[in-house]
Amino acid sequence: MATARAGRRAGGAGRTMSSLAEPRVSRAPSRSPALSPAPGPSRGGGERRRGGSGASRDRDAVQDTQLRSMDLNHVIKLLEDSESKDLQKEQLKTLKKVVKRFENGFPLENLAQIIEILNLCAEKVNEQEAFTEHLCELIKLCGLPFHKKKFSDEVSYSVTVSKSIAQLGYLMRVPSSQVRIQICKCVISFYNTELPRKLVSGYQPTSANYKIQMAELGGLAETLVLSLALVENQLTEKLWVLKALQHLCSSGVNCRLMMKAQAASRLCLYLNGVDPSGQLVFRSSEILWNLLENSSKEEVANQLSSFECVYALKEVFVNLLMRGFRHYDRQLRNDLLVIATLLAENPAAPMVESGFAKLLIVLATFTEVKIPNPLVKGLKLNYSYEDFEMKKLLFNVIGVLSKDPCAVQLLSENDVMPALLYYVKPNQKPGFHKWSAAQYEELQLRAIAVLASVAPLLVDKYLSCQANTLLLVFLEWCIGQDPFFDQGNFHGTSGRGNKLAQMRYSLRVLRSVVSLYDAAVNLNLCDQGAINQLLDILKYAANKSKETEDAILLEIQADILFILSALCENDLHRKELFSYEGVDILIPFIQMDPKKLYSGLGHNRLLFSTLDCLWSCVIGCYKAEDYFLEKRGIFLLLDLLALKQKNLYSVILGILVEFCNNPKTISDISIWRGEKDQTAANLLIQLWRQEELELGLKRDRYGRVVDMKRPIASSFQKQQEVIPMPSNCPSFAVMEISESIRAKLYLLLCMLGFENLPGLSAEDFVTLAIIKHYIDFKVGEVWSELYAELKEEFRPVESDEEALEVILELSEDTGRKVAALQTEVLESQYRQEIQEEHKTYAKIIATHKQKEIVNKSWENFLTRTSNYEALKKAKRLQEKAIEASRSKSKTQNGPVHSTEIKGIGTTIGSGRLVTIESTPPQLIGGPLAVTNLALRKPFFREGGLKKIKAIKKLDSVKKESVPVEEIMS
């Protein structure tokens, strides 16, 4: 059976149901014991018939005895015997006994034999209808729980059971409505979790999900899908098959099996079948929903994308739309609309060709645009919840169809733009067109969201409907003080009680049309004062964001910055309108806390939008540039660059390069200092080294050039093969300039100058030597690529080849010169380090020598205090030193003061006491008369009187020891 199933799968879903005629399951070995008598009451669970005669009871006892002595292999052999026509009654009688014996369910060990009996009966049904009833009874018993003796039997018999359940599906080949319906009922009974009323002695029922698992393993769902071809013209049987498939498709495994049999396309083709009950559409759509949820949506959409399926879906949808008045019909209509939306997302689906797309577009706009259309003639909405859901789904379909280029013409012809713009107006009353306030608000937000997708496709319609004016007025209402209480919905996330949701979606529309860079659209916006209004909204959102940071507010601010960038780019007048007020708003965004960049709310996007706006709205307008420089903007950019966020490098460096056209910028860059007094030059050189490391450039451990021929070529460039390219296509060496930040770093350092850069180390100077010759190396790379391409296809003439070789040799010489310069820098640094080391060593020696002198002085002091002879010797040396220090010429006519202190017993200096002898009066006019201390004139000022008092005080002192502080006071 497994081999036959594999062949059927390989043949594809298009094969006829003749493949269901599988060979019978091979006969089980005769290890099964003889059938034991059935314990308990009869199959019906009731008591035995009363009033039966004794003869009948004896006859039943004889039959039970015969059943005990007969095994299933004997039954199979009996059914296989087709030579004698007189055996039919005996065969039917035996089958009846088998049914009665297993009225409570089949044991697992007998299941293979039972399935063989079913197959034999199925063959006989084609010739003798008498076997139909017994076949149905046996199939019905297969719906009861199987019985096991041990817990391990479920695993041991899993292969046999899965094959047996698969055979039930192949019995659908029997041309009997009764048999087919009973098979479906049997499959449905798998999902009945009730325990059997009667339990067989010595057995236990299998677990509730055992049959479901075995059905998945045996591929029953795939077989039933293929059997739909057999019951295509029998409505009752088809509905039973669909009902069985409804139960099976609750499993992902079964859904994948069904998809192999092309279940989606088969079911869709049957949707238009005649069915007064309506169950056909209901059950088919339910199965399609489960296939979408439990299997690949793309695969389902691909199966439904044929013209026949799309047309069938359209016809059923129209029928439910126009004639379905029940609540159930409206729900089913919306379910089919969801499936149609999924089809619209598939470019291969013929939605436009089948007319389904036009129908959906007309339905979406027929209440807003009062233009009669025959497609919806007589259609009326009763504004129920199902109609509200349909309206939302139709708006969603328009958004999906806007991605299909073939549907753009339909969107333009059927007035989609006016219908969507109908909702771009302030909410003035609780409900519109019988929608509740919450429903209208959700429709409004959905319409504006879809408008963001449609507007870029219909620019002419957008301008003719004055959409810019409507949006600006609507945004003015959004920041106004009018009382408005948002109802809150999916689109209005974080906007309950305010107008942020409306503002968010309106700005998305403006962003989508401005991103086209259409001159007419942008001019129309600016003529209506959009720049000033957007700046006001930006300040409003920034103030709101200070109160509570929210993803919606951050998105609003980022969108406004993008719109301003698109409007002001390459227009000096608009930049002047932006200048002062705009710069004041940008500065706080640039000063954003770096920790917020990892919050996940959208600060990263806001920062990028800010830098983009700075580039587009400030650079190029000297008034705005000067104001930005006055606000220390260059310092803020360098602070941001010093954070070393790799994704910010390119844009910040590009802005700095553009700003360098302003002469005031260079001085700001030169005086900037970062952490640990880092200079801008040092920061730029660090970024260069980091970039080289990521590009995989070869450098030695000191940072010197290793590859002289291609010193700045990345590892990716070196791995590329030589590919001849046309002259208008840039080579790898040229493309690398735009992809790497090295060109911007080179330009900035050129602006700063390569000489006398502060705060650089020897390592920085080594790197700077490479940066200085960046252009030379890059030119050499381009010539090298050119030479390699020429050699691939042509042979240059001798003169050209010599010229090329000379050029390449010059480039290589430049590499060697740079390497030599780097070596010289390193050697100079080494010599300087040696000199610094010597100086440091000399300081250390001097320090140690001083310490030795101090230690020796201390030892001498201790010796003098403990050894009297040493003290006397020190005293004599001291006296000699004093005597030697005296002047040899004696002062004439003057007093001689002794410097010795009588009675002192130490050799150290005196304390803070002095002895002063007064000068004799007769010597006042002597030698001191010519000094600065002579009192030639009396002092009449306050300072002079103080000095006289001090002199008198000195005269009163007669050889007395007085503290110096007291005298000076």
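Rules and cut-offs
- Residues numbered from 1 in each chain as written.
- Predicted model: local features only at pLDDT ≥ 70, side-chain atom pairs only at ≥ 80, totals over all residues.
- Heavy atoms only, no water.
- Helix = DSSP H or I, 4+ residues; strand = E, 2+ residues; numbered from the N terminus.
- Buried < 20%, exposed > 50% of the residue type's maximum accessible area, 1.4 Å probe, protein only.
- Patch = residues over 30% accessible without salt bridge, like charges linked within 9 Å, V, L, I, M, F, W, Y side chains within 5 Å.
- Areas by Shrake-Rupley, 256 points an atom, 1.4 Å probe, with all protein chains shown as cover.
- Salt bridge = Lys/Arg side-chain N within 4 Å of Asp/Glu carboxyl O.
- pLDDT = per-residue confidence, 0-100.
- Contact = heavy atoms within 4.5 Å.
- Core = buried A, V, L, I, M, F, W, Y, C linked by side-chain atoms within 4.5 Å.
- Lys, Arg positive; Asp, Glu negative; His and termini not counted.
- Phe/Tyr/Trp six-rings, centres within 6.5 Å; stacked < 30°, edge-to-face > 60°.
- Expected span 1.5 Å × (residues − 1).
- Axes fitted to C-alpha atoms, helices over the stretch in contact; angles between N-to-C directions.
- Parallel < 35°, antiparallel > 145°, perpendicular 65-115°, else oblique.
- Left-handed = near helix turned anticlockwise from the far one by under 90°.
- Nonpolar A, V, L, I, M, F, W, Y, C, P; charged D, E, K, R; others polar.

**Looking at the overall build of the protein**
Then, in step 1: When helices and strands are counted, the protein shows 45 helices and four strands.
Then, in step 2: The burial tally for the protein puts 45% of its 969 residues in the buried class.

**Digging into a nonpolar patch on the surface**
Then, in step 1: A surface patch of nonpolar side chains, about 310 Å² in accessible area, is lined by I775, V779, W783 and L786.
Then, in step 2: Mapped onto the fold, L786 is located in helix α41 (residues 774-793).

**Quick word on the confidence of the model for the protein**
Then, in step 1: Across the protein, the average pLDDT comes to 81, with 81% of residues at 70 or higher.
Then, in step 2: In this model, residues 1-70 is a region of pLDDT below 50 whose contacts with residues beyond four sequence positions or in other chains number 104 contacts.
Then, in step 3: Every residue in residues 926-945 is under pLDDT 50, and counting partners more than four places away or in other chains gives nine contacts.

**Let's talk about the nonpolar core**
Then, in step 1: Ranked by size, the top nonpolar core spans 249 residues in total, and within it I117, L291, Y462 and L641 carry the most contacts.
Then, in step 2: Looking at which element gives the most residues to this core, the answer is helix α29 (residues 551-568), with eleven residues.
Then, in step 3: Contacts of Y462, omitting those with residues within four sequence positions, involve M417, A455, A467, N468, L471, V509, L510, V513 and V521.

**Topic: the pattern of salt bridges**
Then, in step 1: Under the defined criterion, the tally for this structure stands at 34 salt bridges.
Then, in step 2: Among the ionic pairs, D387 bridges to R333, the shortest N-O distance being 3.1 Å. Highlighted residues: D387 in helix α20 (residues 385-401) and R333 in helix α18 (residues 327-344), separated in sequence by 54 residues. In this pair, the class of D387 matches that of R333, namely buried.
Then, in step 3: Residues D677 and R673 are paired through a salt bridge, measuring 3.8 Å at the closest nitrogen-oxygen approach.
Then, in step 4: Through salt bridges with shared partners, a single ionic network connects E389, K392, E442 and R446.

**Re the side chain of E625**
Then, in step 1: Mapped onto the elements, E625 comes out in helix α32 (residues 622-630).
Then, in step 2: One buried charged residue, E625, forms no salt bridge at all, with the nearest opposite charge on K575 at 7.2 Å.
Then, in step 3: Setting aside residues no more than four positions away along its own chain, E625 makes contact with V618, I619, G620, F659 and N662.

**Here's the deal with helix α19 (residues 356-365)**
Then, in step 1: Among the ten residues of α19, nine are classified as buried, and the element is accordingly described as predominantly covered.
Then, in step 2: All of the buried residues in α19 are F356, A357, L359, L360, I361, V362, L363, A364 and T365.
Then, in step 3: Each element contacted by the buried residues of α19 is listed here: α17 (307-323), α18, α20, α21 (408-413) and α22 (416-421).

**Digging into the packing of aromatic side chains**
Then, in step 1: On inspection of all chains with the given rule, the structure shows 17 aromatic pairs.
Then, in step 2: When the ring of Y385 is compared with that of F388, the centres are 6.2 Å apart and the planes differ by 45°; the resulting orientation is tilted. Here Y385 and its partner F388 are both found in helix α20, three residues apart, which amounts to about one turn of the helix.
Then, in step 3: For Y385, a relative accessible area of 52% translates into the label exposed.
Then, in step 4: A centroid spacing of 5.3 Å and a plane angle of 90° characterise the contact between Y422 and Y423, whose relative ring orientation is edge-to-face.
Then, in step 5: Y423 sits in the buried class, given a relative accessible area of 3%.

**A few points about the side chain of Q182**
Then, in step 1: Structurally, Q182 is set in helix α9 (residues 177-189).
Then, in step 2: In this structure Q182 touches C136, I139 and K140, once residues within four positions along its chain are discounted.

**What about unusual backbone geometry?**
Then, in step 1: The phi torsion at N570 lies on the positive side, around 65°, for a residue other than glycine.
Then, in step 2: The topology assignment puts N570 in the loop between α29 and α30 (572-590).
Then, in step 3: Given a relative accessible area of 73%, N570 falls into the exposed group.
Then, in step 4: Here the phi dihedral of R632 falls at roughly 60°; this positive angle occurs in a residue that is not glycine.
Then, in step 5: Along the chain, the position of R632 falls in the loop between α32 and α33 (633-642).

**Overview of α18**
Then, in step 1: For α18, spanning 18 residues, the distance from its first C-alpha to its last is 26 Å, which sits close to the expected 26 Å at 1.5 Å a residue.
Then, in step 2: Along α18, 13 of the 18 residues are buried, which leaves the element largely enclosed by surrounding structure.

**Comments concerning the packing of helix α34 (residues 646-659) against helix α36 (residues 680-695)**
Then, in step 1: Closest axis-to-axis distance for the α34/α36 pair is 13 Å, and the angle between their directions is 125°. It follows from the interaxial angle that α34 and α36 lie oblique. The chirality of how α34 crosses α36 is left-handed. In contact with K646, Y649 and L653 of α34, α36 contributes L684, L687, Q690, E691 and E694.
Then, in step 2: Partitioned by chemical class, the residues of the contact of α34 with α36 number four nonpolar, one polar and three charged.

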